[in-house]
Amino acid sequence: VSMLFLTVLLFLALFPGAFNCCTRISDEIPTGILRRVERFEIQKADGLCHLEAVILYVEGKKFCVSPWIRKVKTWMKKNKHKIPRKKSHGRKQRRTKIIKKKQKRQ
């Protein structure tokens, strides 16, 4: 039993996203849900996830929809800014803010 437990722990450590994959997708999405989406991710059918999907996050809930829905494609083009981006280094951000403040004073 302990060997199985260690194997599962090792798998989770090496592949943390394995259990976050969408396994089923919806072929339609109500417009009301699209209006409330806080962010979205694109799941590709490679690696651990075997299904292409758009993952929509609304109020802590996750909706998996087909990336081929015309309404979703149009919405994604308009809302590219909702894709999570890697944060840049904090020092660069602080320096940028200081420079902008100085420029505004002049």
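Residues numbered from 1 in each chain as written. Predicted model: local features only at pLDDT ≥ 70, side-chain atom pairs only at ≥ 80, totals over all residues. Heavy atoms only, no water.

The protein chain has the name CCL28 protein in an unreviewed UniProt entry, where Tricholaema leucomelas is given as its organism.

A. Region of the structure containing the state of the cysteines. Under the counting rule described, the total for this entry stands at two disulfides. There is a disulfide in this structure between Cys21 and Cys49, and the S-S distance comes to 1.9 Å. Handedness of the Cys21-Cys49 disulfide follows from its S-S torsion of about -70°: it is left-handed. One end of the pair, Cys21, is in the loop between helix H1 (2-14) and helix H2 (31-35); the other, Cys49, is in the loop between strand E1 (39-43) and strand E2 (53-58), with 28 residues separating them in the sequence. An identical accessibility class is assigned to Cys21 and Cys49; each is buried. Residue pairing for Cys22: its cysteine sulfur links by disulfide to Cys64, the two sulfurs lying 2.0 Å apart. Between Cys22 and Cys64, the S-S dihedral sits near -70°, and the bridge is therefore left-handed. Of this pair, Cys22 sits in the loop between H1 and H2 while Cys64 sits in strand E3 (residues 61-65), and the two are 42 residues apart along the sequence. Classification of Cys64 as buried rests on a relative accessible area of 16%. Here the cysteine-cysteine linkages of the protein chain are recorded as 1-3, 2-4, numbering only bonded cysteines and doing so in sequence order. (Disulfide = S-S within 2.5 Å. Helix = DSSP H or I, 4+ residues; strand = E, 2+ residues; numbered from the N terminus. Buried < 20%, exposed > 50% of the residue type's maximum accessible area, 1.4 Å probe, protein only.)

B. Main features of the nonpolar core. In terms of nonpolar packing, the biggest core is built from 13 residues, with Ile29, Val54, Leu56, Val65, Val72 and Trp75 touching the most fellow members. Secondary structure elements with two or more residues in this core: H2, E2 and helix H3 (70-78). Excluding residues within four positions of it along the chain, Ile29 makes contact with Leu34, Leu56, Val65, Lys71 and Val72. Counting five residues, the second-largest nonpolar core is a separate cluster that includes Cys22, Ile55, Tyr57 and Cys64. (Core = buried A, V, L, I, M, F, W, Y, C linked by side-chain atoms within 4.5 Å. Contact = heavy atoms within 4.5 Å.)

C. Representation of the pattern of salt bridges within the structure. For the structure shown, the criterion picks out two salt bridges. Its salt-bridge partner being Glu59, residue Arg36 comes within 3.7 Å of it at the nearest N-O pair. Of the two residues, Arg36 is situated in the loop between H2 and E1 and Glu59 in the loop between E2 and E3; the sequence distance between them amounts to 23 residues. Taking the relative accessible area as the measure of exposure, Glu59 reaches 56% and is therefore exposed. Two residues, Glu41 and Arg39, come together in a salt bridge whose shortest N-O distance is 2.8 Å. Taking relative accessible area as the criterion, Glu41 reaches 28% and is therefore assigned partly exposed. (Salt bridge = Lys/Arg side-chain N within 4 Å of Asp/Glu carboxyl O.)

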